[in-house]
Amino acid sequence: MADYLAHARDLPIVPDVAPGDIRRRLPAEPPAAGEPFDRIAADFRELIVPGMTHWNHPGWFAYFPANSSPPSILAEMLTATLGAQCMSWQTSPAATELEQVVMEWLRRLLDLPEGFTGVIQDTSSTATLVALLSARERATAHRAGAAGMAGAGLALTAYASAEAHSSVPKAVKLAGYGLDHLRLIPVDQDFALRPELLEAAIAADVDRGLTPACVVATIGTTSSTAVDPLRAIGEICRRHGVWLHVDASYAGAAAILPERRATIDGVELVDSFVFNPHKWLLTNFDCSAYFVRDVDTLLRTFQTSPEYLRTRHDPEVVNFRDWGIQLGRRFRALKLWFVIRSYGADGLRAMLRGHIALAAEFRRWLEAEPEFVVAAPSPFGLVCFRHEPAALAGDAAALDEWNRALLARVNAAGSIYLTHTVLGGRYTLRMSIGQWQTGPEHVAAAWRLIREAAAHPARAGAGDASNGLR
């Protein structure tokens, strides 16, 4: 484990394998007798590690970061050693109370209002589903949970930005609203939800006899890290009695910076809020921090009390099995505790500021080059861009294909990894800076490689000894 952390930078980020290559090298039948651990460990090193995509590489600029850190890894080892089932206070008193403490720490770091209470979910996708289910129950006075949506007698609607994460329509479907009742609201030039169109959509649904139940606002959309105008959306939700959930999966971590707290201005109008310490706060997957204002509605939505789970302490303790979908729960609070104590608020803030500064520097480099175009605002660690050679000016299809090929050339080098999106109908490259070992030298090397791939397509990917990453 220590060797991997020290030498991950020497590995190709994406393995050179085709579908089925690894599976064909593994036996079809399980061993009849136990094997020596040395042999298992050797196969891990020779078969598994070379076949992995290495998110811990300092040249990882894809998707969003999915960070771990030594304190978090050690905590996970201890969690596995304890083997605890943390569904209730009785089954793991220290796990329950530690979770209460670290979630309160996070609330204070984010400067969320005191009315919020936190619980650790596995992912933001789960947290969004929890919010939509809670909103459903509040909108139907808990009739949907008892009698089903048909028995509730209401047709519920949900709303989100057209740039919202795919977990939103998935949760709308699973929560019983139906995809036909999800309204994807158009965005402005910065790819943020337009509140006047949200209010118009809510009013139109009310006129049709539908019941608006939940709005999902996004702080840091997946494609471009756009920030929906939270205060304006919150005021609309308050006027119409609609549950407001905030998906801040990646960018919510930045709110621990006083200078970035304006991105969640209006959070006092919110019903639930989620962000992932497993993205940008050095806590390995999975650890999703979900804060809710109306705990009573949450409990009425998810609580079950079979006799075999009841204990004499129930009236005076928190049983986190009743705070979400899962009954069984891992001891996720331990790694969060190790991380916050090891780095402190100042250390975490310094890391975030460093990544944001690197993104700003990368953006300045792009803006200084006449054939590179920055495609969206960059409030956090992500920069979206395109390369638009003068020879292709005005040919949108050709430019899209050029950028698609550019991305392939850059990634073929094996030393950095970028991903893409589509913004305003245009194929766009994403440079996401946030891996915990990434420094200025890695971003500079990535920029050299991108420029080389854009200027000399034939030479790109032929070798990467000069890019400084491997």
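Small disclaimer: the values here were computed from a predicted structure and weren't measured.

Draft legend 1. Highlighting the packing of aromatic side chains. The full count for this structure, using the stated rule, is 14 aromatic pairs. With centroids separated by 5.7 Å and ring planes inclined at 85°, the aromatic side chains of Phe362 and Trp447 adopt a geometry described as edge-to-face. With Phe362 in helix α13 (residues 333-367) and Trp447 in helix α15 (residues 440-455), the pair connects residues that are 85 residues apart, well separated along the chain. Accessibility classification places Phe362 together with Trp447 in one group, the buried group. In textbook terms, an aromatic cluster arises when at least three aromatic residues are bridged by ring pairs, as seen for Phe362, Trp365, Phe372, Phe385 and Trp447. Note that Arg293 overlies the ring of Phe116, its terminal NZ or CZ placed 4.5 Å from the centroid. The side chain of Arg409 reaches across the aromatic face of Trp402, ending 5.0 Å from its centre.

Draft legend 2. Molecular detail of the sheet that holds strand β7 (residues 288-292). If you walk across this open sheet you meet the 7 strands as β1-β7-β6-β5-β4-β2-β3, and the pairing is mixed. Of all strands in the sheet, those bounded by a partner on one side alone are β1 (117-121) and β3 (182-185). Averaged over all pairs of adjacent strands, the angle between their axes in this sheet comes to 20°, without regard to strand direction. Relative to β3, strand β2 (residues 156-161) runs parallel, the two being bridged by 4 bridges. Note on β3: the bridge partner recorded for Ser161 is Ile185. Those strands touched by helix α5 (residues 93-110) are β1, β6 (272-275) and β7, and its axis lies near 80° from that of β7.

Draft legend 3. Seen up close, the sheet that holds strand β9 (residues 382-387). On the basis of which strands lie adjacent, the open sheet formed by 4 strands has the order β8-β9-β11-β10 and antiparallel pairing. A single partner strand is all that each edge strand has here, and the edge strands are β8 (372-374) and β10 (419-423). Here the average twist between neighbouring strands, direction ignored, is 40°. Sheet analysis places β10 next to strand β11 (residues 426-432), joined by 5 bridges and oriented antiparallel. Paired with Leu423 across the bridge in β11 is Arg426. Against the sheet, helix α14 (residues 396-412) contacts β9, β10 and β11, and its axis sits at roughly 30° relative to β11. Strand contacts of α15: β8, β9 and β11, with the helix running at about 125° to β8, the strand carrying the most contacts.

Draft legend 4. Here's a closer look at the packing of α13 against α15. Put simply, α13 and α15 touch, their axes get as near as 10 Å, and they point 25° apart. With respect to each other, α13 and α15 are oriented roughly parallel. Like other packed secondary-structure pairs, α13 and α15 cross with a definite hand, here right-handed. Facing Leu358, Phe362, Trp365 and Leu366 of α13, the residues of α15 in contact are Pro440, Val443, Ala444, Trp447 and Ile450. Its residues assigned to classes, the contact of α13 with α15 shows 9 nonpolar, no polar and no charged.

Draft legend 5. Quick look at helix α10 (residues 230-240). Of all the positions in α10, only Leu230, Ile233, Gly234, Ile236 and Cys237 are classed as buried. Down the axis of α10, the smallest arc covering the buried residues is 160°, so these residues share one side. Elements that come into contact with the buried residues of α10 comprise α9 (195-207), β4 (211-218) and β5 (243-247). Positive backbone phi, approximately 65°, marks Gly241, located one or two places after α10.

Draft legend 6. Examining the pattern of salt bridges more closely. In total, this model carries 28 salt bridges according to the counting rule given. The salt bridge partner of Glu76 is Lys335, with a shortest N-O separation of 2.8 Å. Placement of Glu76 in helix α4 (residues 70-82) and of Lys335 in helix α13 is noted, with a sequence separation of 259 residues between them. Here Glu76 falls in the buried class, since its relative accessible area comes to 15%. The salt bridge involving Glu307 is made with Arg310; its shortest N-O contact spans 3.1 Å. Judged by relative accessible area, which is 59%, Glu307 ranks as exposed.

Basis of the calculations
- Every chain begins its residue count from 1, and numbering advances along the sequence as written.
- Local features are withheld for residues below a pLDDT of 70 in this predicted model, meaning they are given only at 70 or higher, and side-chain atom pairs are given and counted only at 80 or more; totals for whole chains, interfaces and linings count all residues.
- As a rule here, side-chain values cover all heavy atoms of the structure and leave hydrogens and water aside.
- A pair of aromatic rings is counted whenever rings of Phe, Tyr or Trp (Trp by its six-membered ring) have centres within 6.5 Å, and the orientation is called stacked for planes under 30 degrees apart, edge-to-face for over 60 and tilted otherwise.
- Helix and strand labels come from DSSP, where a helix needs a run of H or I of at least four residues and a strand needs a run of E of at least two; each type is numbered from the N terminus.
- Any residue under 20% of the maximum accessible area for its type is buried, any over 50% is exposed, and the rest in between are partly exposed; the area is computed with a 1.4 Å probe on protein chains only.
- Remark: a charge is flagged as sitting over a ring if the NZ atom of Lys or the CZ atom of Arg is within 6 Å of the ring centre and within 35 degrees of the ring normal.
- Note on pairing: DSSP must find at least two bridges between two strands before they are called paired.
- Only the stretch in contact is used when fitting a helix axis, every axis being a line fitted to C-alpha atoms; angles between N-to-C directions are given from 0 to 180 degrees.
- It only takes one pair of heavy atoms within 4.5 Å for two residues to be counted as in contact.
- Each angle gets one of four labels, with under 35 degrees taken as roughly parallel, over 145 as roughly antiparallel, 65 to 115 as roughly perpendicular, and the rest as oblique.
- Throughout, a crossing is termed right-handed when the near helix is turned clockwise from the far one, and left-handed when it is turned anticlockwise from it by less than a right angle.
- Side-chain classes follow a simple rule in which Ala, Val, Leu, Ile, Met, Phe, Trp, Tyr, Cys and Pro form the nonpolar group, Asp, Glu, Lys and Arg form the charged group, and the remainder, Gly included, forms the polar group.
- It is the directions from the helix axis to the C-beta atoms that the arc portrays.
- Counted as salt bridges are all cases of a side-chain nitrogen of Lys or Arg within 4 Å of a carboxyl oxygen of Asp or Glu.

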